2 protein chains.
Amino acid sequence: MEGMQKAVKWYPPSYDIRVEHVPIPKVQHPDDVIVKVQLAGLCGSDLHIYRGHEDVDAELICGHEFVGTVVEMGGSFGSHAQQRPELYRTLRLGDKVVSPFTVSCGECHFCRVGFTCRCMHSVLFGIPALPGGQAQYVRVPKAGGTLFKVESVTAASKDGSVSCLADSSLLLLADILPTGVFAALQVLQHAKTSPMLTASPYPFGGFDRILTLAIVGLGPVGVCAAVSLLDMLSGIQQTKDVQYRVVAIDPNESRRAKMTKIAEAIGASRKSFAVADIPQAKRTVSEWTSGIGCNAILEVVGNNSALELAYGLVRPFGSVSSVGVHQEPPLPFMGRDLYNKNISFDFGRCPVRAMLPIASKILAKYQAVFGSIGEKISLIERVVSLEDAPKSYELFDKGKCGKILFDPWK
Amino acid sequence: MEGMQKAVKWYPPSYDIRVEHVPIPKVQHPDDVIVKVQLAGLCGSDLHIYRGHEDVDAELICGHEFVGTVVEMGGSFGSHAQQRPELYRTLRLGDKVVSPFTVSCGECHFCRVGFTCRCMHSVLFGIPALPGGQAQYVRVPKAGGTLFKVESVTAASKDGSVSCLADSSLLLLADILPTGVFAALQVLQHAKTSPMLTASPYPFGGFDRILTLAIVGLGPVGVCAAVSLLDMLSGIQQTKDVQYRVVAIDPNESRRAKMTKIAEAIGASRKSFAVADIPQAKRTVSEWTSGIGCNAILEVVGNNSALELAYGLVRPFGSVSSVGVHQEPPLPFMGRDLYNKNISFDFGRCPVRAMLPIASKILAKYQAVFGSIGEKISLIERVVSLEDAPKSYELFDKGKCGKILFDPWK
Ligand SMILES: NC(=O)c1ccc[n+]([C@@H]2O[C@H](COP(=O)([O-])OP(=O)(O)OC[C@H]3O[C@@H](n4cnc5c(N)ncnc54)[C@H](O)[C@@H]3O)[C@@H](O)[C@H]2O)c1
Ligand SMILES: NC(=O)c1ccc[n+]([C@@H]2O[C@H](COP(=O)([O-])OP(=O)(O)OC[C@H]3O[C@@H](n4cnc5c(N)ncnc54)[C@H](O)[C@@H]3O)[C@@H](O)[C@H]2O)c1
Ligand SMILES: [Zn+2]
Ligand SMILES: [Zn+2]
Ligand SMILES: [Zn+2]
Ligand SMILES: [Zn+2]
């Protein structure tokens, strides 16, 4: 069928996934690029729409995670594109690219300061207004700001250990690895934590010598947060005289088992990294800190029980970095609770585009650990064809499988 | 009456203030000091107990703000006190001291890192467990950690402009000025603000060149926050190429009028500092920032309407420093609201003891502006005797007077 492609579509109100033939997208604006999708991810965040929790009342093409190659570029691309984000000048047909899960222009106020997920032109892939990546082709708006060239990933690995990155692992750059990096960075950059890392006291006086942290939630994003955090902490430890201890928490046993395997594979020491269920975690934190609580918490779940656990585990003057996608219920805290604990929160969406330079270095280092398909330690369980989408959504929704990728050409 | 003193007492359940003769406090622990009170403050925070909002069911001696002289010291004080906070060695009978509104030992984990208001031995003055400062004498526990010697304030003013500090202005160091400093510092040190001040991008990319801030609430604490913030910002501006704009907001006209006078007196420029009611403030922020909102907000009120205003005024990826004392109602936000705006919060009590070195420098600079009794621009309206306490509480509660100090020897 000339001009047509296969795509995974969702129909309202919920749980209705169909694989259909739809028109191949075209350049609609000079800043657009058309990407031929090599792999697309199925992600926990897709389930919000799948289950009908997002108040969407129109059908849509699913998916916000994809990696592929450039097959068409709008008129903005070329040597004339001075004063614009670099890719407008340097992107070429055939380049391999990965896209953040939201569009970011690279030119507005928010993009320039690195808050790319709040770009003035932000649109999420996989909503009625912007067809998603679970298709053979996808249109990327503001593509010179949005896209990330994969060669910059391999170039980042200067030690030669990584000559190329598996497509399956690249997929992690669209969302979950940068989000893990962001969760970790928010904790380490917080004014209540950073004094210890920079060895500058807050505001004078001393500073903690042992940083105690907890990660709440060990889904794919939580695991990425753990790997990122451990990588950053061990980097800091090489230059500064600080110690750290991290407890990674999930009530789900299989999630804990995967975290444990990955932690072993990246060489985390048992003394500084523990994996625990909720009751164990409370005991561990209490023992480690003589009852004071953690310096900071990474909340990677997205519900009130996780926020309450975070509140319970953090010490007075601690901080909570929350990347979980929270819904409608009011926060489970009274103003008094927050005042009484001098607590800090950082909420929100990951600015993926801004995190990609850091995230891709972490990927280059650990892709063999969590980016190969079907390995016991990998975050990715298998690659299937688009035709398998209805079944895959169902299994994934029921927690009966891990992360699944679609190969739209299979 | 031998061994007796006058003190202001509160009786449950509410609105019952009496002036009585009670025993002069004695040293109960070697770390105690007895302070002869020269001036004690009546503060907005006293009203929480006065109104019966704090669930206190026993009578108490009121007041958490006092300045005075040392008249008795426990056995811990003296040249033998090595390895302990300096004052255990250096404090002398007759020294003039000011006390933070809570006890802090100076030795526990929290004190050492500067989070002194969450000291493991923290007790608030003016509760049943610790008699307050609206009396002729007051017992200060853990006094070598808690107290601050006033000579260190005048010593801080090296330029000779301040040879001595009025007792009335010193009283501001017990609570409201350090709390203002803390509110300002939390905003300027936040990882989402500081990149602009240090000219280091977050996490790469550019950074804002114009910092737009709002102060919500212009009671005595809000005014102190405004003065502290303007002082810090103009300091930063002298070394870094940044600009700032601050809007200070209160629905109460007389509060705005006082703020305007103080701003003029400290030389704030009309271009960078505006005083506004709530509707004006919304327009001003929108004009200044082309609708984006403020980088950060100082919340100095302590109710949900102020938190909602802060949320409405702040831009995505902005932060809110909240020093208002919040009560029981749940926070007025859904998780989704916070996620959608990538908002950060820092809540809680001021670590006064840790802020005193900064706060006393600011006091030395501006005491003539806001620390002299009864001046139109001063934060302090008048000094009365303890006998006037019942009447003063009543007027203050009804908003019919400004800040009142008690002279217990009058
Ligand atoms: N901020 C962002 O930009 C961004 C990006 C991607 C995903 N997300 C969100 O991050 C969250 C995690 O994503 P995921 O794909 O890993 O989700 P997931 O559902 O696969 O994993 C969540 C894990 O949390 C565990 N959990 C549930 N309640 C818990 C509790 N009280 N304490 C500890 N663990 C608990 C579950 O057992 C599960 O293993 C989701 O809310 C997702 O929507 C946010
Ligand atoms: N964090 C701390 O350690 C600490 C220390 C001292 C005081 N406090 C608290 O700080 C707060 C301020 O103290 P204060 O003595 O200045 O109080 P105050 O009551 O004198 O002043 C509060 C001001 O806020 C204004 N206001 C009310 N609602 C508002 C709104 N929606 N928007 C803008 N302004 C609004 C009022 O008109 C008033 O002028 C109180 O909650 C107090 O308990 C906290
Ligand atoms: Zn995703
Ligand atoms: Zn943008
Ligand atoms: Zn006070
Ligand atoms: Zn202490």
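Above: the structure in question.
Residues numbered from 1 in each chain as written. Chains lettered and ligands numbered in written order. Predicted model: local features only at pLDDT ≥ 70, side-chain atom pairs only at ≥ 80, totals over all residues. Heavy atoms only, no water.

**Student:** Explain the packing of aromatic side chains here, please?
**Tutor:** Centre distance and the angle of the planes are the two values used to describe a pair of aromatic rings. Evaluation of the coordinates by the stated rule reveals 20 aromatic pairs over all chains. An angle of 20 degrees between the planes, with centres 5.1 Å apart, marks the rings of F345(A) and F347(A) as stacked. There is no split in this pair, since F345(A) and F347(A) are both buried. Aromatic side chains F333(B) and F345(B) sit 5.7 Å apart centroid to centroid with 35 degrees between the ring planes, which places their arrangement in the tilted category. Placement of F333(B) in the loop between β13 (314–322) and α13 (335–341) and of F345(B) in strand β14 (residues 344–347) is noted, with a sequence separation of 12 residues between them. Under the relative-accessibility criterion, F333(B) is labelled buried at 3%. Aromatic rings pair up to connect Y311(A), F333(A), F345(A) and F347(A) into one cluster. One Lys or Arg, K36(A), reaches over the ring of W409(A) and ends 4.7 Å from the middle of that ring. Here the guanidinium or amino end of R18(B) rests over the ring plane of Y11(B), the centre of that ring lying 3.7 Å away. (Phe/Tyr/Trp six-rings, centres within 6.5 Å; stacked < 30°, edge-to-face > 60°. Buried < 20%, exposed > 50% of the residue type's maximum accessible area, 1.4 Å probe, protein only. Helix = DSSP H or I, 4+ residues; strand = E, 2+ residues; numbered from the N terminus. Lys NZ or Arg CZ within 6 Å of the ring centre and 35° of its normal.)

**Student:** Can you walk me through the relation of the copies chain B and chain A in this structure?
**Tutor:** The operation relating the two chain copies consists of a rotation about an axis and a shift along that axis. Mapping chain B onto chain A leaves a residual RMSD of 0.0 Å; the transformation is a rotation of 180 degrees accompanied by 0.0 Å of translation along its axis. Accordingly, the operation relating the two chain copies is best matched by a two-fold axis. Scanning chain B for the C-alpha nearest the rotation axis identifies F345(B), at a separation of 2.5 Å. The fraction of interface residues of chain B whose copies in chain A are also interface residues reaches 98%, indicating that both copies meet through the same surface. (Least-squares fit on C-alpha atoms with pLDDT ≥ 70 in both. Contact = heavy atoms within 4.5 Å.)

**Student:** Teacher, can you tell me more about the sheet that holds strand β14 (residues 344–347) of chain A here?
**Tutor:** To summarise the sheet geometry, strands pair through backbone hydrogen bonds and adopt either a parallel or an antiparallel arrangement. Overall, mixed pairing links the 12 strands, which are arranged β11(A)-β10(A)-β9(A)-β12(A)-β13(A)-β14(A)-β14(B)-β13(B)-β12(B)-β9(B)-β10(B)-β11(B) in an open sheet. The strands lining the two open edges of the sheet, one partner per strand, are β11 (273–276) of chain A together with β11 (273–276) of chain B. Sheet twist, expressed as the average angle between the axes of neighbouring strands with direction ignored, equals 15 degrees. Pairing analysis gives 4 bridges linking strand β9 (residues 210–216) of chain A to strand β12 (residues 294–299) of chain A, with the strands arranged parallel. Bridging across to β12(A), I215(A) finds its partner in L298(A). Set on the sheet, helix α11 (residues 278–289) of chain A makes contact with β9, β10 (243–249), β11, β12 and β13 (314–322) of chain A; between it and β10(A) the angle comes to about 165 degrees. (Pairing = 2+ DSSP bridges. Axes fitted to C-alpha atoms, helices over the stretch in contact; angles between N-to-C directions.)

**Student:** Before we go on, may I ask you to explain the interface of chain B and chain A in this structure?
**Tutor:** Where the parts come together, the accessible area they lose is often given as the size of the interface. On the chain A side, the residues contacting the 59 residues of chain B number 58 residues. Interface area, chain B with chain A, both sides summed: about 5,000 Å², of which 61% is carbon and sulfur. At the junction of chain B with chain A, the criterion picks out 2 salt bridges. Here chain B is connected to chain A by 25 residue pairs in polar contact (both at pLDDT 80 or more). (Buried area = accessible area lost by both parts, 1.4 Å probe. Salt bridge = Lys/Arg side-chain N within 4 Å of Asp/Glu carboxyl O. Polar contact = N/O pair within 3.5 Å; in protein donor to acceptor, adjacent residues only side chain to side chain.)

**Student:** Hey, could you run me through the coordination of the zinc ion (ligand 3) in this one?
**Tutor:** Six octahedral donors at a metal ideally form angles of 90 or 180 degrees, and four tetrahedral donors ideally form angles of 109.5 degrees. Residues and elements named next belong to chain A. Coordination of the zinc ion (ligand 3) by the protein comes from C43 (SG), H64 (NE2), E65 (OE) and D175 (OD), over a distance range of 1.9 to 2.2 Å. Around the zinc ion (ligand 3), the 4 donor atoms sit at angles spanning 97 to 125 degrees, and that spread fits a shape best called tetrahedral. Residue H64 is classed as buried on the basis of its relative accessible area, which comes to 5%. (Donors = N, O, S within 2.8 Å, 3.2 Å for Na, K, Ca; no water. Tetrahedral: all angles 85-135°; square planar, octahedral: opposite > 155°, others 65-115°.)

**Student:** Sorry, what's going on with the packing of helix α7 (residues 176–189) of chain A against helix α14 (residues 352–370) of chain A here?
**Tutor:** Relative placement of two packed helices is described by the angle separating their axes and the distance separating the axes. All names here are of chain A. Across the interface, α7 lies against α14 with an axial gap of 8 Å and an inter-helix angle of 110 degrees. Looking at the two axes, α7 sits roughly perpendicular to α14. Counted together, L177, P178, V181, F182 and L185 of α7 and V352, M355, L356, I358, A359, I362, L363 and F370 of α14 form the full contact between these two elements. Per-class residue counts for the contact of α7 with α14 are 13 nonpolar, no polar and no charged. (Parallel < 35°, antiparallel > 145°, perpendicular 65-115°, else oblique. Nonpolar A, V, L, I, M, F, W, Y, C, P; charged D, E, K, R; others polar.)

**Student:** Looking at this structure, how should I read the side chain of S319(B)?
**Tutor:** Structurally, S319(B) is set in strand β13. The contact partners of S319(B), leaving out residues within four places of it in the chain, are H190(B), T193(B), N295(B), A296(B), I297(B), V314(B) and S344(B).

**Student:** Please explain the coordination of the zinc ion (ligand 5) as it appears in this structure.
**Tutor:** Residues and elements named next belong to chain B. Within the protein, the zinc ion (ligand 5) binds to C43 (SG), H64 (NE2), E65 (OE) and D175 (OD); these donor distances fall in the range 1.9 to 2.2 Å. Each of the 4 donor atoms around the zinc ion (ligand 5) contributes to a set of angles spanning 96 to 123 degrees, which defines the coordination as tetrahedral. Along the chain, the residues that donate to the zinc ion (ligand 5) are spaced as C-x20-H-E-x109-D. Here D175 lies in the loop between α6 (167–170) and α7 (176–188) and C43 lies in the loop between β3 (33–41) and α1 (46–50), a separation of 132 residues in the sequence. With relative accessibility at 5%, the residue D175 sits in the buried group.

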